[in-house]
Amino acid sequence: MFLSKSKKSPYYQITFEVNGKRTTVSTKTKNKEEAYKFLGRFDISNYKKPVAVNNNNSILLSTFKDEYIKYAKLRFSKSYVERSIEPAFKFLIEFAGDIPLKQLDLKTLDNFIINKYNSTKSGAALYYRTLKAAFSKAVIWNYLVDNPLKKIKAPKVPKSNPVFISEAELNLILEKTANQNLKNIFTVAFFTGMRLAEILNMKSSWIDTLQNIITLKNSIDFTTKSKKERIIPIHPRIASIVINPNSNADDLIFNRKSDIKFNEDYVSKQFKKALRAAKLNDDIHFHTLRHSFASNLVQRGVNLYVVKELLGHEDIKTTQIYSHLTSSSLSNAIHLL
């Protein structure tokens, strides 16, 4: 059993023999590393030849959901799958029923989005984006002729500026945190802008003491959200936290014990607990530390394109949520006239 690729498909294939006959199964990914992950999870003993979809019928929503989630787990973070993809399909099936995918009409989808919008505007927007991406994949897999959500406008969500905290407020949170590892995690997040998953998967091999940088690296065990590596300079406040001359390259910077990673939910809940003990704004969450990193840079005059690279954003439009903080720079420009 091995990976292969042919001119007939852009995706890597798993090639193996069944009853003396060579067979291939698509990994549904062009990324070699992800294809190897798929290969590692593929159980040949449970292999069954896929049944062709009847042109007059269609794959059921629940079946497509299972296939898409299996694919998504190889490409996206566990958090995104559990908090976005799974609930999007769950609510859609509850609303429309477990009908064939091809029977999802525009009216049903429109009503579903409106229904969700009435209860949660941000949730409706999230489910719209999530299902739109899923249906685009259904088109590629020949389950649909076209993506029905492309004909429905995305729900508008009132935009609000991201919440951020100062270094003084960070210190208040740290004072209410007993566990030193958690203190260090919170501090690293504030001074690097790294996502929680990135921090918890950070290894000693990411640390370059000569150049004084952290290089976020992709591996079989972990990939960044953008699937790209990025570089973040080491702030003096975190140097003693991330630099350990006695560590091995594969050692995690943070672990509970014997290389066991911290659980993301646990870290987030402990941050919230410390925040409330410090009697700060309850709208603040762990991700606020990432916003704070960006906001503090922008307020000090750092160019948005530099902030974009440090945060690892794919599109400058994402970084522009911090543009309101440059108003003082605009005022200064006017005074130059």
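To be clear, the structure that these remarks concern was listed above.
In this report, the structure presented in the accompanying data block is examined. Fair warning: this is a prediction, and the values are worked out from it, not measured in the lab.

Helices and strands together make up the secondary structure of the chain, namely 14 helices and six strands. With respect to the principal axes defined by its C-alpha atoms, the chain has extents near 65 × 50 × 45 Å. In the chain, which comprises 337 residues, the share counted as buried stands at 42%. The long-range fraction of contacts in the chain, counting pairs at least 24 apart against all pairs at least 6 apart in sequence, stands at 58%. Total accessible area computed for the chain in this model is approximately 19800 Å², and 50% of it derives from carbon and sulfur atoms. Each charge sign in the chain was given a centre, from 53 positive and 30 negative side chains, and these centres are 4 Å apart.

The next subject is the pattern of salt bridges. Considering all chains together, one arrives at 12 salt bridges under this definition. Two residues, arginine 230 and glutamate 198, come together in a salt bridge whose shortest N-O distance is 2.9 Å. With arginine 230 in strand E6 (residues 230–233) and glutamate 198 in helix H8 (residues 196–200), this pair connects stretches of sequence that are 32 residues apart. The two residues arginine 230 and glutamate 198 agree in class, both being buried. The salt bridge partner of lysine 308 is glutamate 309, with a shortest N-O separation of 3.0 Å. Here the salt bridges share partners, and the residues they tie into one network are Arg195, Glu198 and Arg230.

Let us look at helix H2 (residues 61–75). In a regular helix each residue adds 1.5 Å, so 15 residues correspond to 21 Å; H2 covers 21 Å between its end C-alpha atoms and thus fits that length. Buried residues belonging to H2 abut helix H1 (32–41), helix H3 (78–96) and helix H5 (121–140).

Criteria and thresholds
Residues numbered from 1 in each chain as written. Predicted model: local features only at pLDDT ≥ 70, side-chain atom pairs only at ≥ 80, totals over all residues. Heavy atoms only, no water. Helix = DSSP H or I, 4+ residues; strand = E, 2+ residues; numbered from the N terminus. Buried < 20%, exposed > 50% of the residue type's maximum accessible area, 1.4 Å probe, protein only. Contact = heavy atoms within 4.5 Å. Areas by Shrake-Rupley, 256 points an atom, 1.4 Å probe, with all protein chains shown as cover. Lys, Arg positive; Asp, Glu negative; His and termini not counted. Charge placed at Lys NZ, Arg CZ, Asp CG, Glu CD. Salt bridge = Lys/Arg side-chain N within 4 Å of Asp/Glu carboxyl O. Expected span 1.5 Å × (residues − 1).

So far we have only geometry, and geometry alone does not tell us how the molecule works.
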